[in-house]
Amino acid sequence: MPVSVIVGTQWGDEGKGKITDLLSRDMDMVVRYQGGNNAGHTVVIKDATFKLHLIPSGIFYNNVMCVIGNGVVVDLGVLIQEIETLKAKGFAVENLRISSQAHIIFPYHRLMDKAQEKKLEAGRIGTTSRGIGPCYVDKYNRRGIRVSDLYNEKIFREKLAWNVIEKLFMLNKFYNMKTELSVDEIINEYSGYAVALKKYVVDESSTLVDEAVAKNKNVLLEGAQGTMLDVDHGTYPFVTSSNPTAGGACVGSGIGPKAIGAVIGVVKAYVTRVGSGPFPTEIPGKVGEDLREKGGEYGATTGRPRRCGWFDGVVMRHASKVNGLTHLAVTKLDVLDDQEKIQVCVAYEYKGKRINDFPTDIHRLAECKPIYEEVPGWQQDTTKIKEYADLPQKAKEYLEKLAGLANAKISLVSVGAERGQIIRI
Ligand code: GDP
Ligand code: IMO
Ligand code: MG
């Protein structure tokens with residue numbers, strides 16, 4: 001079976017964790033390819049809820065090798081905590097692998113993230129304050145510290161010393177933060193992490209992935225965030241600092257595009273966004289708030305309330321194009337069960353003209369108004385349905401409309417958070 005990619009098609013939190021877990025049953029390997037612990041991927045197995053930030057969502061199957069790929073930025077303390085939590089709940093976590101090429105998040109990255117946000121004031125991005133952006137900046141500035149560096153004391157100290165001096169200068173002089181950072185203390189703390197994680201670290205993680213592909217194993221590449229948070233294709237600058245889109249899956253796992261056979265876009269039946277930035281179909285007032293309560297739309301990482309909006313077909317088309325989606329997994333259909341009427345955005349109006357393509361310039365986007373088509377709700381409980389044929393007719397029509405806007409085939413419909421609440425088509 002070819003390699004598959006799981007990608008968020010909106011602003012994150014589409015239900016990638018649930019879909020990855022579901023598909024992992026048939027996988028040999030799951031690779032997280034970008035982002036860090038800004039992600040929060042929820043997996044619900046019976047009455048137990050797991051929120052994963054760094055470990056791939058295939059970890060609940062003992063036979064699946066779970067790789068934190070080279071494209072991920074890793075907060076080692078958070079990772080150790082996550083491993084411990086899973087172990088305490090009876091999961092062995094034996095099959096975890098961490099790429100030695102993954103970059104490490106340090107305390108100064110978190111401080112820089114917070115300082116930048118404070119400085120931006122009204123224009124702040126609303127980051128998760130996990131240090132993601134500053135860590136990727138160091139990576140691309142070729143100043144980053146990778147997992148492999150932890151195991152070379154001389155190089156680690158040298159690189160860290162430079163970074164600490166530079167960041168202290170920025171934090172204290174430019175951001176007025178009055179901060180202290182000790183190289184020795186960081187080395188002490190991180191050396192402990194290095195020992196604890198050593199057994200999971202692999203050199204050449206791309207070789208590991210390549211070997212699995214060569215042996216015709218089933219490999220799933222798990223994206224974090226979503227297309228509209230992509231640093232190139234999203235609502236820049238209100239984005240994250242990596243490429244969640246399908247191209248990022250190649251880079252972040254070390255695999256060539258020819259190996260990829262399926263790109264599965266995870267699509268929430270409506271849209272949510274955490275943090276600031278444009279959101280054309282956002283629903284103001286009570287309707288949006290009701291959707292938030294019904295859908296439990298609070299961040300899995302920061303607990304922040306998610307902004308809620310109607311399904312956006314322009315965003316969907318954009319996601320379909322930049323990811324080359326082959327399949328769709330529609331989630332949270334059940335959250336719309338009570339709606340009498342549902343709005344679907346089919347295009348935008350820009351300066352009096354109808355446009356179908358997503359404007360990636362946010363100033364143009366700010367002038368766009370959604371053009372809605374109203375569809376009747378099905379007003380029936382879908383949470384126990386297992387077969388597509390048993391869905392209410394109006395729910396099927398809604399799904400067909402979404403698939404038409406995406407120009408891709410729906411292969412999964414999720415009707416509840418629990419692992420078993422799924423319709424396979
Ligand atoms: P991710 O970041 O894309 O993995 O998504 P999150 O885990 O942050 O957010 C999705 C939320 O919706 C989680 O609380 C899931 O348990 C929940 N969820 C996933 N699929 C469904 C579904 O079909 N119906 C309902 N009601 N909840 C779902
Ligand atoms: P998952 O994988 C939703 C958002 C933040 C902020 C912007 C930049 O669970 O879908 P960052 O900390 O990355 O610099 O923040 O991106 N963001 C997410 N929103 N789901 C996520 O991950 C997100 N990861 C980052 O809220 O707007
Ligand atoms: Mg999430």
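In this text, all values refer to a predicted model and were calculated from it rather than measured experimentally. (Residues numbered from 1 in each chain as written. Chains lettered and ligands numbered in written order. Predicted model: local features only at pLDDT ≥ 70, side-chain atom pairs only at ≥ 80, totals over all residues. Heavy atoms only, no water.)

Asker: Which residues make up the site of ligand 1, and what values do they have?
Answerer: Close to ligand 1 lie 20 residues; G15, K16, T42, D334 and S414 are nearest. At 2.8 Å, a backbone N or O of G15 approaches an oxygen atom of ligand 1. The side chain of R306 places a nitrogen or oxygen atom 3.0 Å from an oxygen atom of ligand 1. When ligand 1 is considered free in solution it has 580 Å² of accessible area, and contact with the protein chains removes 91% of it. Taken atom by atom, the bulk of ligand 1 overlaps the second largest pocket. When contributions to the shell around ligand 1 are tallied by element, the ones reaching two or more residues are helix 1 (16–24) and strand 3 (41–45). Considering only residue class, the shell around ligand 1 consists of 5 nonpolar, 8 polar and 7 charged. Shared between two domains, the shell around ligand 1 holds at least three residues of each, these being domain 1 (3–100 + 208–264) and domain 3 (267–424). (Near = heavy atom within 4 Å. Polar contact = N/O pair within 3.5 Å; in protein donor to acceptor, adjacent residues only side chain to side chain. Areas by Shrake-Rupley, 256 points an atom, 1.4 Å probe, with all protein chains shown as cover. 1 Å grid on protein atoms, 1.4 Å probe; cavity = no way out; pocket = protein on both sides within 12 Å on 5 of 7 lines; lining within 4 Å. Sits in = over half its atoms within 2 Å of the grid points. Helix = DSSP H or I, 4+ residues; strand = E, 2+ residues; numbered from the N terminus. Nonpolar A, V, L, I, M, F, W, Y, C, P; charged D, E, K, R; others polar. Domains from an automatic or database assignment.)

Asker: Give a detailed account of the domain arrangement of the protein, specifying residues and quantitative values.
Answerer: You can read the domains of the protein as domain 1 (3–100 + 208–264), domain 2 (103–196) and domain 3 (267–424). For domain 2 versus domain 3, the distance between C-alpha centres works out to 37 Å. Tallying the contact residues gives 6 residues for domain 2 and 5 residues for domain 3. Of the roughly 370 Å² buried between domain 2 and domain 3 on both sides combined, carbon and sulfur atoms contribute 39%. Among the residues of domain 2 in contact with domain 3, G126, T128 and R130 are the three that bury the most area, contributing 69% of the side total. Our count for the domain 2 to domain 3 interface comes out at 0 salt bridges. (Contact = heavy atoms within 4.5 Å. Buried area = accessible area lost by both parts, 1.4 Å probe. Salt bridge = Lys/Arg side-chain N within 4 Å of Asp/Glu carboxyl O.)

Asker: Can you lay out the coordination of the magnesium ion (ligand 3) for me, pointing to particular residues and giving the numbers?
Answerer: Within the first shell, the magnesium ion (ligand 3) binds the protein through D13 (OD) and G40 (O), at distances of 2.0 to 2.2 Å. Pair noted here: D13 is in the loop between strand 1 (3–8) and helix 1 and G40 is in the loop between strand 2 (29–32) and strand 3, with a separation of 27 residues, a long-range link. (Donors = N, O, S within 2.8 Å, 3.2 Å for Na, K, Ca; no water.)

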